[in-house]
Amino acid sequence: MSQTPLAIARGVLAREIGAGARLIRWLEEGDPRGREALAAVYPHTGRAHLIGITGPPGAGKSTLTNALISEQRKRGRRVGVIAVDPSSPFSGGAVLGDRVRMQQHALDEGVFIRSMGTRGQLGGLSRATFDAILVQDAMGYDVVIVETVGVGQDELDIVSLAHSTVIVSVPGLGDEVQAIKAGLLEVGDLFVVNKADRDGSEQILRQLELMLHLREQTRPNQDWTPPLLRTVALKNEGVEALVDALDAHHALLQRTGAFTVRVQERSRHMFLGLLREQSAARIMAEAMADPATAVVILAVDAGTLDPYSAATQLLWRLSLKVG
Ligand SMILES: Nc1nc2c(ncn2[C@@H]2O[C@H](COP(=O)(O)OP(=O)(O)OP(=O)(O)O)[C@@H](O)[C@H]2O)c(=O)[nH]1
Ligand SMILES: [Mg+2]
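Residues numbered from 1 in each chain as written. Chains lettered and ligands numbered in written order. Predicted model: local features only at pLDDT ≥ 70, side-chain atom pairs only at ≥ 80, totals over all residues. Heavy atoms only, no water.

Asker: Please explain the packing of helix α2 (residues 17-29) against helix α3 (residues 32-41) as it appears in this structure.
Answerer: A pair of packed helices is captured by two measures, namely the crossing angle of their axes and the spacing between those axes. The contact between α2 and α3 brings their axes to 8 Å, and the two run at 125 degrees. Here α2 lies oblique to α3, going by the angle between them. The hand of the α2/α3 crossing is left-handed. Here Leu23, Trp26 and Leu27 of α2 come into contact with α3, specifically with Arg33, Gly34, Arg35, Ala37, Leu38 and Val41. A breakdown of the residues in the contact of α2 with α3 according to their chemical character gives 6 nonpolar, 1 polar and 2 charged. (Axes fitted to C-alpha atoms, helices over the stretch in contact; angles between N-to-C directions. Helix = DSSP H or I, 4+ residues; strand = E, 2+ residues; numbered from the N terminus. Parallel < 35°, antiparallel > 145°, perpendicular 65-115°, else oblique. Left-handed = near helix turned anticlockwise from the far one by under 90°. Contact = heavy atoms within 4.5 Å. Nonpolar A, V, L, I, M, F, W, Y, C, P; charged D, E, K, R; others polar.)

Written out as structure tokens, the structure reads:
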């Protein structure tokens with residue numbers, strides 16, 4: 001396989017998984033070829049239905065994703081999966097558990113599974129996830145599923161990239177519904193109680209029902225009422241109904257124009273983030289190259305200049321020089 005950005009871009013558009021994997025790796029590593037190839041395929045993005053699956057560790061997210069792949073394939077759709085595991089140092093498709101669980105799809109040309117750990121991504125996990133989504137989107141996957149563990153801000157950022165966010169909870173997490181921290185309750189479009197074969201599933205269903213009911217009261221006149229579904233992912237139970245609900249949400253987003261709006265918001269968010277980062281990097285580089293910076297640092301160290309004034313003074317000096 002030729003390694004030029006153009007050849008990789010062509011491969012991506014021709015739906016070659018090898019080319020897609022290469023481009024995702026380039027982007028993760030900050031390889032300049034990645035940006036060039038991404039620019040070439042970018043006009044072909046914006047079509048995939050992005051589904052976020054999140055919930056506590058061990059809730060069965062990967063098992064459910066696996067079942068979702070099968071059901072989506074039955075409906076004739078090509079499926080991309082990005083399994084984000086912030087606790088895992090592995091990346092490059094090496095999160096073992098997910099690989100094993102989703103192995104049955106390994107030989108299916110219509111399925112592309114990419115795992116991401118925390119190691120080696122320039123610009124953080126949510127950036128890398130965003131990039132991988134773009135690549136799979138450009139490859140013409142009808143559905144792109146992003147699986148994350150719902151814990152930190154990074155995951156919330158990732159969840160906000162999706163069109164349809166599925167919050168997975170399970171019985172037996174203790175009295176409070178641990179999975180549904182306020183933040184997750186807010187962002188959920190669909191709620192699933194997985195492991196419905198286990199004791200306590202009625203209880204958690206009732207708790208969730210109440211929480212969703214309260215949530216609805218704070219948001220009158222919504223055109224979407226988040227469904228509350230039960231699944232046994234291991235046995236594919238409830239998975240058809242989940243895909244039906246996802247399809248209904250997708251159709252609604254299309255109908256109201258919210259689908260496009262979410263894509264726009266995502267691009268703008270990413271653009272502003274990059275602008276912030278790159279301008280800060282540039283100003284830092286300039287500041288460090290300026291001999292006056294050393295003097296200011298010494299003054300801050302000595303306590304003769306406060307950090308606020310120091311930053312302002314230095315920025316003034318730089319902007320005067322630039323302007
Ligand atoms: N009884 C029961 N067990 C399930 C069900 N779904 C998944 N499991 C089991 O729960 C365990 C965790 O499943 P995973 O799919 O790895 O869960 P996960 O949420 O992806 O886990 P992390 O990615 O590690 O957070 C596995 O042993 C599954 O076999 C279910 O519906 N019922
Ligand atoms: Mg998992």
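Asker: Whenever I open this one, the coordination of the magnesium ion (ligand 2) confuses me. Can you help?
Answerer: Four donors placed tetrahedrally around a metal ideally meet at 109.5 degrees, and six donors placed octahedrally ideally meet at 90 or 180 degrees. Within the protein, Ser62 (OG) and Glu147 (OE) serve as the donor atoms for the magnesium ion (ligand 2), at 2.1 to 2.2 Å. Of this pair, serine 62 sits in helix α4 (residues 61-74) while glutamate 147 is found in strand β4 (residues 143-149), placing the two residues 85 residues apart along the sequence. With relative accessibility at 6%, the residue serine 62 sits in the buried group. Accessibility expressed as a relative area gives 7% for glutamate 147, which makes it buried. (Donors = N, O, S within 2.8 Å, 3.2 Å for Na, K, Ca; no water. Buried < 20%, exposed > 50% of the residue type's maximum accessible area, 1.4 Å probe, protein only.)

Asker: Is there a simple way to explain the pairing of strand β5 (residues 164-169) in this structure?
Answerer: A regular strand carries its side chains on alternate faces of the sheet. Counting buried positions along β5 gives 6 out of 6 residues, so the element sits mostly inside the fold. Burial along β5 is two-sided: Ser164, Val166 and Val168 and Thr165, Ile167 and Ser169, pointing in opposite directions, are all buried. As judged from the 4 bridges shared by strand β1 (residues 49-55) and β5, these two strands associate in the parallel manner. Across the sheet, threonine 54 pairs through a bridge with isoleucine 167, a residue of β5. (Pairing = 2+ DSSP bridges.)

Asker: What's the story with the packing of aromatic side chains in this structure? I'm lost.
Answerer: To describe a pair of aromatic rings, you give the distance between the ring centres and the angle between the ring planes. What the rule picks out here adds up to 1 aromatic pair. Ring centres 6.3 Å apart and planes at 50 degrees place the aromatic pair phenylalanine 112 and tyrosine 141 in the tilted group. Here the residue phenylalanine 112 occupies a position in strand β3 (residues 111-116), and tyrosine 141 occupies one in the loop between α6 (125-138) and β4, the gap between them amounting to 29 residues. Between the NZ or CZ atom of arginine 78 and the centre of the ring of tyrosine 141, over which it lies, the distance is 4.4 Å. (Phe/Tyr/Trp six-rings, centres within 6.5 Å; stacked < 30°, edge-to-face > 60°. Lys NZ or Arg CZ within 6 Å of the ring centre and 35° of its normal.)

Asker: Would you explain the sheet that holds strand β2 (residues 79-84) in this entry?
Answerer: Strands pair in a sheet through their backbones, by hydrogen bonds, and they do so in one of two ways: parallel or antiparallel. Spatially, 7 strands are ordered β3-β2-β4-β1-β5-β6-β7 in an open sheet, and the strand pairing comes out parallel. In the strand order of this sheet, the two ends are held by β3 and β7 (228-230), each with one partner. Across the sheet, the mean angle separating the axes of adjacent strands is 20 degrees when strand polarity is ignored.

Asker: What exactly am I supposed to notice about the pattern of salt bridges here?
Answerer: Pairing between side chains of opposite charge can happen when the charged atoms of each approach one another. One pass over the structure, following the stated rule, counts 14 salt bridges. In this structure, glutamate 28 and arginine 114 form a salt bridge, with 3.0 Å as the shortest nitrogen-oxygen distance. With glutamate 28 in helix α2 and arginine 114 in strand β3, this pair connects stretches of sequence that are 86 residues apart. Residue glutamate 71 is joined to arginine 75 by a salt bridge in which the shortest nitrogen-to-oxygen separation is 2.9 Å. Counted as one network, the salt bridges with shared partners bring together Glu71, Lys74, Arg75, Arg77, Asp244 and Asp247. (Salt bridge = Lys/Arg side-chain N within 4 Å of Asp/Glu carboxyl O.)

Asker: Where do I start with the environment of arginine 22 in this structure?
Answerer: Inspection of the secondary structure assignment puts arginine 22 in helix α2. Residue arginine 22 is classed as buried on the basis of its relative accessible area, which comes to 18%. Put simply, arginine 22 and valine 12 are 10 residues apart on the chain and 9.3 Å apart in space, counted from C-alpha to C-alpha. With residues near it in sequence (within four places) discarded, arginine 22 still touches Gln3 and Ile8.

Asker: Would you take a moment to explain the nonpolar core for this structure?
Answerer: It is characteristic of soluble globular proteins that their nonpolar side chains tend to be buried jointly. Counting residues in hydrophobic clusters, the biggest one holds 34 residues, and the most contacted among them are Val12, Leu23, Ile82 and Val144. Taken together, the elements giving at least two residues each to this core come down to α1 (5-13), α2, α3, β2, β3, α6 and β4. Shared between two domains, this core takes at least three residues from each, and those domains are domain 1 (1-44) and domain 2 (45-256). Apart from residues no more than four positions distant in its own chain, leucine 23 is found in contact with Ile8, Val12, Gly34, Ala37, Leu38, Val41 and Val135. Core analysis: the second largest hydrophobic core is formed by 27 residues, Ala67, Ala233, Val239 and Leu246 among them. (Core = buried A, V, L, I, M, F, W, Y, C linked by side-chain atoms within 4.5 Å. Domains from an automatic or database assignment.)

Asker: Explain unusual backbone geometry to me, please; I cannot follow it from the model alone.
Answerer: Positive phi values are uncommon outside glycine, yet lysine 195 reaches one of about 55 degrees. With respect to the helices, strands and loops of the structure, lysine 195 is situated in the loop between β6 (190-193) and α9 (201-217).

Asker: Would you mind showing me how to read α2 here?
Answerer: Its 13 residues give α2 an end-to-end C-alpha distance of 18 Å, which sits within 8% of 18 Å, the value for a rise of 1.5 Å per residue. Taken residue by residue, α2 has Ala19, Gly20, Ala21, Arg22, Leu23, Ile24, Trp26, Leu27 and Glu28 as its buried positions. Buried residues along α2 sit against α1, α3, β3 and α6. Glycine 30 occupies a position one or two residues after α2 and carries a positive phi of about 70 degrees. (Expected span 1.5 Å × (residues − 1).)

Asker: I tried to follow the pairing of β3 on my own but got confused; where do I start?
Answerer: Within β3, 6 of the 6 residues are buried, which leaves it mostly tucked inside the rest of the structure. Neither face of β3 is open: one carries Val111, Ile113 and Ser115, the other Phe112, Arg114 and Met116, and all of them are buried. Note that β2 and β3 share 6 bridges and pair parallel. Following the sheet pairing, valine 81 is matched in β3 by isoleucine 113.

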